[in-house]
Amino acid sequence: DTMKEKIKTVKYPYGTVAVFKLYDLLDKKKISLNAFLNDTDTDYKSLKRYGKGTITKPDFLLIDRWCDYLNCSPNDIIEHTKPKK
């Protein structure tokens, strides 16, 4: 089950890598998934798409709400890098 993976790495075309680190961050801050979903008014299906790496258009308002709640930056939640050549 992808929801159990604390850090999910997804490879996309053009050699980019997205790393979804929200679950790891929640674990480090000792925040339950249910509390996070309720407190941030986040739909479980939306969160699951991020966790599986199947999101095609990031919702920056949602990410902003998550960052406000967690007192973090977007890079603490989703990291996007190009592999070294």
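Everything quoted here is computed from the prediction, not taken from an experiment.

Caption draft 1: Expanded view of the pattern of salt bridges. Evaluation of the coordinates by the stated rule reveals two salt bridges. Across the pair Lys 21 and Glu 79 runs a salt bridge whose closest N-O atoms are separated by 3.1 Å. On the criterion of sequence distance, the pair formed by Lys 21 in the loop between strand E2 (17–20) and helix H1 (22–28) and Glu 79 in strand E3 (residues 78–81) is long-range, its members being 58 residues apart. Across the salt bridge formed by Asp 24 and Lys 28, the nearest N and O atoms sit 3.1 Å from each other. Separated by four residues within a single helix, Asp 24 and Lys 28 lie in helix H1, roughly one turn from each other. Accessibility expressed as a relative area gives 16% for Asp 24, which makes it buried. Residue Lys 28 is classed as exposed on the basis of its relative accessible area, which comes to 62%.

Caption draft 2: The packing of aromatic side chains, seen in detail. This structure, assessed with the given rule, holds five aromatic pairs. When the ring of Phe 20 is compared with that of Tyr 23, the centres are 5.3 Å apart and the planes differ by 80°; the resulting orientation is edge-to-face. As far as burial versus exposure is concerned, Phe 20 and Tyr 23 are alike and both buried. The rings of Phe 20, Tyr 23, Phe 36, Tyr 50, Trp 66 and Tyr 69 are connected pair by pair, giving a single aromatic cluster.

Caption draft 3: Fine view of helix H3 (residues 44–52). All of the buried residues along H3 are Ser 46, Leu 47, Tyr 50 and Gly 51. With its buried residues spanning 140° around the axis, H3 presents them on a single face. Gly 53 sits one or two residues past H3 and shows a positive phi near 80°.

Cut-off values and rules
Residues numbered from 1 in each chain as written. Predicted model: local features only at pLDDT ≥ 70, side-chain atom pairs only at ≥ 80, totals over all residues. Heavy atoms only, no water. Salt bridge = Lys/Arg side-chain N within 4 Å of Asp/Glu carboxyl O. Helix = DSSP H or I, 4+ residues; strand = E, 2+ residues; numbered from the N terminus. Buried < 20%, exposed > 50% of the residue type's maximum accessible area, 1.4 Å probe, protein only. Phe/Tyr/Trp six-rings, centres within 6.5 Å; stacked < 30°, edge-to-face > 60°. Arc of directions from axis to C-beta.

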